[in-house]
Structure formats: structure tokens, C-alpha cells
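# Structural overview for review
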Amino acid sequence: MIALALNAGSSTLKACLYRLVPGAPLAAPPAPVWEQQVNWPVGTAGDDTAGRLLRELWHGPGAPLAGPYEIDVVGHRIVHGGTRYTSAIAIGDEVKRQIAALAALAPLHNLAALSGIEAAERSLVPGTPQIAVFDTAFHASLPAPAYTYAGPRKWVDAGLRRFGFHGINHEYVAHRTARIVNRSLDGLRLLTCHLGSGASLAAVRHGRSVDTTMGFTPLDGLAMATRSGSIDPGLLLHLLRAGDTSPDELYEVLNRESGLAGLSGTGGDMRDVLAARERGDAHAHLAFDVYVHRLHRCMGAMLPSLGGLDAIAFTGGVGEHSAAVRRAALKPFRFLGVDLDDAGNDASTGDADIAKADSRVRVVVIKAREEWAVARSAAELLTQRGPRPGAKSCSAGQ
């Protein structure tokens, strides 16, 4: 089966094409046949960036396909599915309307995903199945005490709750970690750390998410590249009541002018923060220390939900490539048996098990494979539904 995955973020569009056998294990991703990433023009619904990218699949030198008719299914990463979508689903008009409605909670991501869906509709053979795979779905297993805010009952009734994000990658990382440490997911207690420009943790027990740091929106939890993470709501109310900041201005500050960028004066890239810190920049030093302190607090907060700890997994751009962040993050947890000696390994050329075999807690670095997880979910759903009328026949491993 030939499956295309589109991952439309707030500023980039990633695409990967896979030839896969339905039923392939999530923990064993094949190399993509083709992959591409382009800048995504936020808020330009009429732009054809996604369409141009799709046409590269069958036009020009090195095109992997003879034409759009070779694509069996397209999977789309959708950041917010709310409480309605807790598993992958075929995209139709109603699903598109709901994705648009949920854009109020993830405006840049959900609207970008819709643009990718519409580009695929224009560029591919009419009727080519398109599947929505939701970042929030993995966290649908959160128990009520973990997802309920301690506000008035009407908030609960209105669905104002913790959703959690990065679920597609948290789930993949859990499966991949189990494979690396040669353990079944059943009974395995994992702390998965997705550290990128956006960052979140998940407590994964028996393969299910039981706690996570992001909340109603992706703004909650850890300090991030440009996002503040958790802040006392009283401080925000103070700023609003003082009259110097409007809600729209506060939104911009919390999402784009805070975190590493706000504290260090850099653009928020961890590599720039670390370089400035090495030069003795006091602002960068504080930014790094705040980032790590918040990471420590949130990592520790996940442990009671797990009832113990068997492995810690790092993923995402920072988690995969910054040994300094990993070493600093792990340092307070040495009492659990975490070994820091080999924390310099990374996932630049593949996943790495960086803990000694006799450690009580294993530490692994996992390369994020969101596109693979999306393509696999789309192929699995298509297999369950059966091929569309008139579709070309496919054999395993074609």
C-alpha cells in the first residue's frame, strides 16, 4: 500500500511517502520512499504550497510516482480533535467542519491542516481516501482526575478540560521504547519527553497515556521556545486588570514572546541559547536554568501517576540532539538508578539506548516519526474500511 502523510504545522509542511504492508508494527518504521519539507505560509488559505509539494511526487527529476493514481491513502496530522475524535477517522465534509470549529483552540495548526486537506482534494484522484489522525487522541485515555480542572462544574459540563498534545509522537515513542528495551508495553512505566519548539511530557502506563503536561491548549506545562508554559493565572489577571495589556496582546506575549526567547533575547532556538550561555550571557544562563527547572518539576509530577518508572525517553529536536539538556534533566533522578555517563549519545543517525544495562531506569533517545505514525494509522483504517470502488489493486510490499 502506498500511503502519503502530510504534517502541516504552523510554519512548515512536512510530507512523507511510504510503501507499507498493512499491519506493520508501529515500533518498526521503514525508511520513507520520499520526504520533503517546505515553509508553510500561515493564514494564506489561497496559497498552493501544499499543491506544489504534492505535484513533486509525480513531476520532475527523481519523482517517486508515475502519477497521483498510485497513492492509496493520505493521512493528515490534526493537532486538535477535542472530545469528539479519539481515533483516526475518514475525512468528509462534517469532519472538515469540526476541524475548522476546533481551530479556535489550535488556530495555526488546525487551519494549516485544513489547507493541506483541500490541496490533496484538488491534486489527487477524486475519491482518494483521506484520513485525519489526531494529536489529542492518544490522551483520550487520561483518567478524569488528570483531565478535569478544579473550576466550576459548568466548566466540566462545557468540555473545558485538559486535552494534551503531541500524542501521535508520544504513542510512537512508547512503542519504540518498549522495542528497544525489549519489554512488553503491558506493565511498562514510561516517561516520554517530547522536547522541541513545543514541548510536553506524558506518563505512559501499559501503553496508555495517564497524565501529560499540556492542557486545554498547547500553551500549558513546560517552558518552550517561545511559549511560556504554565503561569499563575493570578499574574495574567493582574496584567489584564492593570489595563496595559489586552487579551490579544497577552496571547501574543505568551505564545510568541516568552519561554527561551523571552528570557534570553534570542529567537528561542536551544542551540542559540546554549551558545550564548557558553559565552557567559547572563540572560541565556537564566533562560536555560528556568527551562530545566520547569522540566524537573514536570518530570517529577508525572511519577505518581506511573507508580514507578522503568524508562525515560527523549524525543523532538531538543530531546534528540541536546546532550546538555538531557544531562541536566536527568541529574536529579540519579537516585532512581539513572546513569549519566553516556548521555551524550543522540538520535541523529538512529535511536539510542543511553543507559547501562544494569541501570534500574533505562534512558533512550528516539527520533520523532510522526509522519510514519500518521501514514500507518491511515493505512490501517483504509484496510479496515476496504478499498474504494474502482481503486487500483495493491499487494503487500508493492
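In short, a report on the structure. (Residues numbered from 1 in each chain as written. Predicted model: local features only at pLDDT ≥ 70, side-chain atom pairs only at ≥ 80, totals over all residues. Heavy atoms only, no water.)

### Considering the state of the cysteines
What the rule picks out here adds up to 0 disulfides. Unpaired in terms of disulfides, C193 finds its nearest cysteine sulfur in C298, a separation of 10 Å. (Disulfide = S-S within 2.5 Å.)

### A word on the environment of V181
If you trace the backbone, V181 turns up in the loop between α6 (167-180) and β7 (189-195). Sequence separation between V181 and G51 is 130 residues; the distance between their C-alpha atoms is 41 Å. (Helix = DSSP H or I, 4+ residues; strand = E, 2+ residues; numbered from the N terminus.)

### Quick notes on the nonpolar core
Counting 47 residues, the largest nonpolar core has L191, L195, L201, M270, Y291, L295 and I312 as the members making the most contacts within it. Elements with a minimum of two residues in this core: β7, β8 (199-205), α10 (270-278), α11 (282-306), β10 (311-315), α13 (323-330) and β12 (362-365). Contacts of M270, omitting those with residues within four sequence positions, involve L260, F288, Y291, V318, S322 and V325. (Core = buried A, V, L, I, M, F, W, Y, C linked by side-chain atoms within 4.5 Å. Buried < 20%, exposed > 50% of the residue type's maximum accessible area, 1.4 Å probe, protein only. Contact = heavy atoms within 4.5 Å.)

### What to know about the pairing of β8
Extensive coverage of β8 is indicated by the burial of 6 of its 7 residues. Where β7 and β8 come together, 7 bridges link them in antiparallel fashion. When the bridges of β8 are listed, T192 appears paired with A202. Linkage of β7 to β8, two consecutive antiparallel strands, is achieved through a turn of 3 residues. Relative to strand β9 (residues 208-212), β8 runs antiparallel, the two sharing 4 bridges. Bridge pairing in β9 links R205 to R208. Connecting the antiparallel pair β8 and β9 is a turn made up of 2 residues, with H206 showing a positive phi of about 55°. (Pairing = 2+ DSSP bridges.)

### Considerations on the pattern of salt bridges
For the structure on display, the rule yields 12 salt bridges. In this structure, D135 engages R77 in a salt bridge whose closest nitrogen and oxygen atoms are separated by 2.6 Å. With D135 in the loop between β6 (130-134) and α4 (144-147) and R77 in strand β4 (residues 73-78), this pair connects stretches of sequence that are 58 residues apart. For D310, the salt bridge is made with R189, and the minimal N-O distance between the two is 3.0 Å. Here R189 lies in strand β7 and D310 lies in the loop between α11 and β10, a separation of 121 residues in the sequence. Residue classification places R189 among the partly exposed residues on the basis of a relative accessible area of 26%. When salt bridges that share partners are traced, they join R77, D135 and E370 into one network. (Salt bridge = Lys/Arg side-chain N within 4 Å of Asp/Glu carboxyl O.)

### Quick notes on the pairing of strand β2 (residues 12-19)
With 6 of its 8 residues buried, β2 lies for the most part within the structure. Of the pairings in the sheet, the one linking strand β1 (residues 2-8) to β2 comprises 7 bridges and is antiparallel in character. Each residue of the ladder has a partner; that of N7, found in β2, is K14. Two strands pair when backbone bridges link them, and β2 and strand β3 (residues 34-39) are joined in this way by 6 bridges, in the antiparallel orientation. For A15, the partnering residue across the bridge sits in β3 and is Q36.

### Focus on a nonpolar patch on the surface
Taken together, the side chains of L263, L286 and V290 present a nonpolar region at the surface, about 220 Å² in accessible area. Considering the arrangement of structural elements, one finds L263 in helix α9 (residues 259-264). Accessibility expressed as a relative area gives 37% for L263, which makes it partly exposed. (Patch = residues over 30% accessible without salt bridge, like charges linked within 9 Å, V, L, I, M, F, W, Y side chains within 5 Å. Areas by Shrake-Rupley, 256 points an atom, 1.4 Å probe, with all protein chains shown as cover.)

### Overview of α6
Under the 1.5 Å per step criterion, the end-to-end length of α6 is 20 Å for 14 residues, consistent within 8% with the ideal 20 Å. Judged by how many residues are buried, α6 sits mostly within the fold: 10 of 14 residues are covered. The set of residues buried in α6 consists of G167, I168, N169, H170, Y172, V173, A174, R176, T177 and A178. The positive-phi residue at the C-terminal boundary of α6 is N182, with phi of around 60°. (Expected span 1.5 Å × (residues − 1).)

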